[in-house]
Amino acid sequence: MSVMRGATELADEKAIVAAAEAALGEIALVRAEIGKVIFGQESVVEQTLLAVLSGGHALLVGVPGLAKTKLVATLGTVLGLDNSRIQFTPDLMPSDILGSEVMDQDAAGHRSFRFIPGPIFTQLLMADEINRASPRTQSALLQAMQEYHITIAGDRKDLPQPFHVLATQNPLEQEGTYPLPEAQLDRFLMQVDVGYPELAAERQILLETTGLAETEARPVIDAGRLQQVQGLIRQMPVGEKVVDAILALVRSARPGNGNADTDKNVAWGPGPRAGQALMLCARARALYDGRLAPSIDDVLALAEPVLQHRMALTFAARAEGMSVHDVIADLVKRAKG
């Protein structure tokens, strides 16, 4: 019996390796196709794509004009996903996102309600400037992001699969905005900080986007294949040392776990969902880089995008000019030894 079980496990491992090697080539093609349209911003593209490959959502934070919208549209094209965009404004209502029921009347005079789906019924949703809408409207996304269905008039409406939300937020203008509550921030697998492009990339942007024609991305995979890759990532083996590194990093970011600096500077830290995000994203990063298993370096590289929106500093730390980035950088430095 043990011999048969060992043979079966070996066959399963070979199947996973073969599937991973096939996925490596497709991910390389996806990266190349995105690079034809999005110049520079390698870390932004990587982190956003990792969030999608891991089956989660991402919050893109950056000033206007940094191609956040174009990145989302390009991802939709390259990954073969239906995509839509919602521009969040203070007067946006939940029904504008979810959809609503209207009354129909047939030729015989019989009346009935008919549901008209909102823009949330897509596979890749861009929630543009999500912090400009009221908390009531923001919360309309909460059930969808976690449970992948919504409820209208007591009826459950399942969303298309896969379903991903890529939301954008402007960090500069805070007047007239509604900061996302902690519970909703935690639904985002990663927070991706979008900075200004480097000189060479910005030069290429000027030359490539101001002519008569612009390069367009083409589909590389489809929604079904994306789901297969997402399933594969969940099957990738993770070594005990990597698991220990994830636990040590997440727990060191919480007050009351023996880290004096964290006790002093952090008001509240990341929960278990941060560890889950690190586990998935580390696997996805390994595959993204052409490897079949994640390493501790993957965990440390992803510490900032996974942890920064799941932590808050004390008043004293903020008064001293500290930032969450400083705290995470110190935790990563300690983890490296």
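Residues numbered from 1 in each chain as written. Predicted model: local features only at pLDDT ≥ 70, side-chain atom pairs only at ≥ 80, totals over all residues. Heavy atoms only, no water.

K.L.:
Please explain the overall build of the protein chain as it appears in this structure.
P.N.:
When helices and strands are tallied, the protein chain shows 16 helices and eleven strands. Its C-alpha atoms give the protein chain a radius of gyration of 22 Å, within 12% of the compact-globule value 20 Å for 337 residues. On the principal axes, the C-alpha backbone points of the protein chain span a range of 75 × 60 × 50 Å. Classification of the 337 residues of the protein chain by burial places 45% in the buried group. Look at the contacts in the protein chain between residues 6 or more apart in sequence, and 76% of them connect residues 24 or more apart. (Helix = DSSP H or I, 4+ residues; strand = E, 2+ residues; numbered from the N terminus. Rg over C-alpha atoms; globule rule 2.2 N^0.38 Å. Buried < 20%, exposed > 50% of the residue type's maximum accessible area, 1.4 Å probe, protein only. Contact = heavy atoms within 4.5 Å.)

K.L.:
Explanation requested: the nonpolar core in the structure shown.
P.N.:
Note on soluble globular proteins: their nonpolar side chains tend to be buried together. Ile34, Leu79, Leu287 and Leu307 are the most contacted members of the largest nonpolar core, which totals 69 residues. A per-element tally of this core places helix α12 (residues 272–288) first, with nine residues. If near-sequence neighbours (up to four positions away) are discounted, Leu307 is found in contact with Leu249, Val250, Pro270, Ala274 and Ile328. The next biggest cluster of nonpolar side chains, apart from the first, holds 26 residues, and it includes Leu59, Ile97, Val165 and Leu180. (Core = buried A, V, L, I, M, F, W, Y, C linked by side-chain atoms within 4.5 Å.)

K.L.:
Can you help me understand the packing of aromatic side chains in this one?
P.N.:
For the structure shown, the criterion picks out two aromatic pairs. Residues Tyr148 and Phe163 carry aromatic rings whose centres are separated by 6.3 Å and whose planes lie at 85 degrees to one another, so their mutual orientation is edge-to-face. Here Phe163 lies in the loop between β7 (155–158) and β8 (164–169) and Tyr148 lies in the loop between α6 (140–147) and β6 (149–152), a separation of 15 residues in the sequence. The exposure class of Tyr148 is partly exposed, given its relative accessible area of 25%. (Phe/Tyr/Trp six-rings, centres within 6.5 Å; stacked < 30°, edge-to-face > 60°.)

K.L.:
Explain the pairing of strand β2 (residues 83–87) to me, please; I cannot follow it from the model alone.
P.N.:
Look at any regular strand and the pattern is simple: side chains alternate between the two faces of the sheet. In β2, alternate side chains face the same way, and those of Ser84 and Ile86 are buried while those of Asn83, Arg85 and Gln87 on the opposite face are not. Where β2 and strand β5 (residues 124–128) come together, five bridges link them in parallel fashion. Along β5, the bridge assignment pairs Ser84 with Leu125. (Pairing = 2+ DSSP bridges.)

K.L.:
How should the pattern of salt bridges be read in this particular structure?
P.N.:
Opposite charge on two side chains permits them to pair, given that their charged atoms come into close proximity. All chains considered together, the criterion is met by 15 salt bridges. The salt bridge involving Lys36 is made with Glu33; its shortest N-O contact spans 3.3 Å. Its salt-bridge partner being Asp289, residue Arg291 comes within 3.4 Å of it at the nearest N-O pair. What emerges from the salt-bridge pattern is a single network uniting Glu46, Arg285, Asp289, Arg291 and Asp298. (Salt bridge = Lys/Arg side-chain N within 4 Å of Asp/Glu carboxyl O.)

K.L.:
Is there a simple way to explain the packing of helix α9 (residues 223–235) against α12 in this structure?
P.N.:
When two helices pack together, their arrangement is given by the angle between their axes and by how far apart the axes lie. Packing of α9 against α12 brings their axes to within 9 Å, and their N-to-C directions diverge by 110 degrees. It follows from the interaxial angle that α9 and α12 lie roughly perpendicular. Between α9 and α12 lies a crossing of right-handed hand. Between α9, through Val229, Leu232, Ile233 and Arg234, and α12, the contact on the second element is made entirely by Leu280, Arg283, Ala284 and Leu287. Of the residues contributing to the contact of α9 with α12, the split by class is six nonpolar, no polar and two charged. (Axes fitted to C-alpha atoms, helices over the stretch in contact; angles between N-to-C directions. Parallel < 35°, antiparallel > 145°, perpendicular 65-115°, else oblique. Left-handed = near helix turned anticlockwise from the far one by under 90°. Nonpolar A, V, L, I, M, F, W, Y, C, P; charged D, E, K, R; others polar.)

K.L.:
Would you take a moment to explain the sheet that holds β8 for this structure?
P.N.:
Sheet strands associate in pairs through backbone hydrogen bonding, adopting either a parallel or an antiparallel arrangement. An order of β2-β5-β8-β1-β9 is seen for the five strands of this open sheet, with the pairing classed as parallel. The open sheet terminates on both sides in strands that have one partner only, identified here as β2 and β9 (190–193). If you compare each strand with its neighbour and ignore which way they point, the axes differ by 20 degrees on average. In the packing of helix α2 (residues 42–53) onto the sheet, the strands contacted are β1 (58–61), β8 and β9, and the crossing angle to β9 comes to about 160 degrees.

K.L.:
Just checking my understanding: could you explain unusual backbone geometry for this structure?
P.N.:
What you tend to see is this: most non-glycine residues have negative phi, and most peptide bonds are trans. Here the amide bond leading from Gln161 into Pro162 is cis, since omega sits at -5 degrees, within 30 degrees of zero. Backbone geometry at Glu129 places phi at a positive 50 degrees, although glycine is not the residue there. If you trace the backbone, Glu129 turns up in the loop between β5 and α5 (135–138).

Any functional reading would require information beyond the geometric quantities listed.
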